[in-house]
Amino acid sequence: MEKKRIVTGDRPTGRLHIGHYFGSLKNRVEMQNTGEYDPYILVADVQALTDNFNNPEKVRKNVREVVMDYLSVGIDPEKTTIYIQSMLPEVAELTVFYSNLVTIARLERNPTVKTEIAQKRELFGESVTYGFLGYPVSQAADITALEGKIVPVGEDQLPLIEQCREIVRKFNSIYGEVLVEPEAVLSKEKRIKGLDGNEKMGKSLGNAIYLSDSEEEVNKKVMSAVTDPNRIKKDDLGNPDICMVSYYHNLFTDKDEYKTVCEECRAGKRGCVACKKQLAKNINKTLEPIREKRKYYEERPELVDEILIKGTEKARETAKETMKKVKKAMKLDYFE
Ligand code: TRP
């Protein structure tokens, strides 16, 4: 049976954190290891520039950081093709072709884009750039250039996949059945909250634990996690339901141990400091093998480059095939 093509990606704007781990990376590794798929992961440097055009250094630096994060959690370059978005010129070309098939009003209505624009007032002021407004078109090009069938996403990315599907249908209805219509598959994992209880873990919020954080950094960050505010003394009865330490115990601590954590907290038999130390230990236990693997690649940058060059070459082969079909369908195949 033919393996189903998966396309996913991340904007390289910072190292990846445990929110990415639970939200998408774990799922990507699991899907990769079933052997039922043909997964591609793109490092979306062009997309990262849509809201970081004034900071190319940051994007460049984080391309390799993100790739090392992938490799350290078990993305296996023998099974998953990792490539750099900007190194597929076909994607840029497709973006131009697709831009005729989507209206400005439709882009402005995209809920994800809308939310992001609201968050980026500082960058964009009153008016947003053409590139940022149009990034869903470029993302449609990412997916279709590789004939992606499945796009595993978090809830926030659903409108982007829907927009991609609309572009595909419009293209196929005008120029003929050429493009593959992808399907979004919601990852089971929920978005995880920040150390401060914020709904989102993120770099700009300063509430994230990175996969590459050292043991000391993890210890320090866990100590700052928000606990039940009503609990002042150790024997005050606690409520683990409103405590971020308990929230993370649920993710990193085994079931029985977690049950004890909650019981002791409710009974006022557990101090927050000891509870945090126990959590930090468990997080470090999970991160230790990831750190070790990362170190291996940090010491071998030429290996990381080789993986990217090979992955990019392979992705480009498919993108070229797609481009041939697209140009033929659009009557742009002049000298063929
Ligand atoms: N928009 C995605 C994000 O911010 C990144 C991305 C770019 C992507 N191209 C993609 C995801 C193609 C899936 C498929 O996380």
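Residues numbered from 1 in each chain as written. Predicted model: local features only at pLDDT ≥ 70, side-chain atom pairs only at ≥ 80, totals over all residues. Heavy atoms only, no water.

Trainee: Would you mind going over the pairing of strand β2 (residues 37–43) with me for this structure?
Mentor: Burial analysis of β2 places seven of its seven residues in the buried class, which makes it a mostly covered element. Residues Tyr-37, Pro-39, Ile-41 and Val-43 point to one face of β2 and Asp-38, Tyr-40 and Leu-42 to the other, with burial holding for every one of them. Tracing the backbone out of strand β1 (residues 4–10), into helix α1 (residues 18–34) and back to the parallel element β2 gives a crossover that is right-handed. Where β2 meets strand β3 (residues 81–84), four bridges bridge the pair, whose relative direction is parallel. When the sheet's bridge partners are listed, Leu-42 is paired in β3 with Tyr-83. (Buried < 20%, exposed > 50% of the residue type's maximum accessible area, 1.4 Å probe, protein only. Helix = DSSP H or I, 4+ residues; strand = E, 2+ residues; numbered from the N terminus. Right-handed = clockwise from strand over helix to strand, strands pointing away. Pairing = 2+ DSSP bridges.)

Trainee: How should I be thinking about the site of the ligand in this particular structure?
Mentor: Neighbouring the ligand are Val-7, Thr-8, Gly-9, Arg-11, Leu-42, Ala-44, Gln-47, Gln-139, Asp-142, Ile-143, Val-151 and Gln-157. Taking Arg-11, its side chain carries an N or O atom lying 3.4 Å from an oxygen atom of the ligand. Interatomic distance of 3.1 Å between a side-chain N/O atom of Gln-157 and a nitrogen atom of the ligand. Taken by itself the ligand offers 360 Å² of open surface, and the protein chains cover 89% of this. Only β1 and α9 (135–145) provide two or more residues apiece to the shell around the ligand. Looking at the shell around the ligand residue by residue, the classes come out as five nonpolar, five polar and two charged. (Near = heavy atom within 4 Å. Polar contact = N/O pair within 3.5 Å; in protein donor to acceptor, adjacent residues only side chain to side chain. Areas by Shrake-Rupley, 256 points an atom, 1.4 Å probe, with all protein chains shown as cover. Nonpolar A, V, L, I, M, F, W, Y, C, P; charged D, E, K, R; others polar.)

Trainee: Please clarify how the packing of helix α3 (residues 56–73) against helix α14 (residues 272–298) should be interpreted in this entry.
Mentor: In a packed pair of helices, the relevant descriptors are the angle between the two axes and the axis-to-axis distance. Put simply, α3 and α14 touch, their axes get as near as 8 Å, and they point 130° apart. Compared by their axis directions, α3 and α14 come out oblique. For α3 against α14, the interelement crossing comes out right-handed. Where α3 abuts α14, its residues Glu-65, Met-68, Asp-69, Leu-71, Ser-72 and Val-73 lie against Ile-290, Lys-293, Arg-294, Tyr-297 and Glu-298. Looking at the contact of α3 with α14 residue by residue, the classes come out as five nonpolar, one polar and five charged. (Axes fitted to C-alpha atoms, helices over the stretch in contact; angles between N-to-C directions. Parallel < 35°, antiparallel > 145°, perpendicular 65-115°, else oblique. Left-handed = near helix turned anticlockwise from the far one by under 90°. Contact = heavy atoms within 4.5 Å.)

Trainee: Hey, could you run me through unusual backbone geometry in this one?
Mentor: Trans is the common state for peptide bonds, and a negative phi is the common state for residues other than glycine. Within the chain, Glu-147 stands out as a residue other than glycine whose phi angle is a positive 55°. Tracing the chain through its elements places Glu-147 in the loop between α9 and β4 (150–153). Positive phi, normally seen in glycine, also occurs at Lys-331, with a value near 60°. Relative to the assigned elements, Lys-331 resides in the segment after α15 (301–329).

Trainee: Sorry if this is basic, but what is going on with the environment of Leu-123 here?
Mentor: The residue Leu-123 is located in helix α7 (residues 121–124) in this model. Separated by 50 residues in sequence, Leu-123 and Val-73 place their C-alpha atoms 33 Å apart. Other than its neighbours up to four places away in sequence, Leu-123 contacts Asp-51, Phe-53 and Asn-54.

Trainee: Which parts of the structure should I look at to understand the nonpolar core?
Mentor: General note: in soluble globular proteins, nonpolar side chains tend to be found buried as a group. Core analysis: the largest hydrophobic core is formed by 45 residues, its most contacted members being Ile-18, Tyr-70, Ile-82, Leu-211 and Tyr-248. A domain split of this core shows at least three residues from each of domain 1 (4–193 + 300–329) and domain 2 (213–295). Beyond its immediate sequence surroundings of up to four residues, Leu-211 is in contact with Leu-16, His-17, Ile-18, Tyr-21, Leu-25, Asp-69, Val-73, Leu-287, Ile-290 and Arg-291. Judged by nonpolar contacts, the second largest core, of 41 residues, contains Leu-101, Val-153, Val-168 and Ala-319. (Core = buried A, V, L, I, M, F, W, Y, C linked by side-chain atoms within 4.5 Å. Domains from an automatic or database assignment.)

Trainee: Explanation requested: helix α10 (residues 158–175) in the structure shown.
Mentor: In an α-helix, one turn spans 3.6 residues; hence positions three or four apart end up facing the same way. Helix length check: α10, at 18 residues, gives a terminal C-alpha distance of 26 Å against a target of 26 Å (1.5 Å per residue), a fit within 8%. Buried residues of α10: Pro-159, Leu-160, Ile-161, Gln-163, Cys-164, Ile-167, Val-168, Phe-171 and Asn-172, and no others. At the C-terminal side of α10, Gly-176 shows a positive phi close to 110°. (Expected span 1.5 Å × (residues − 1).)

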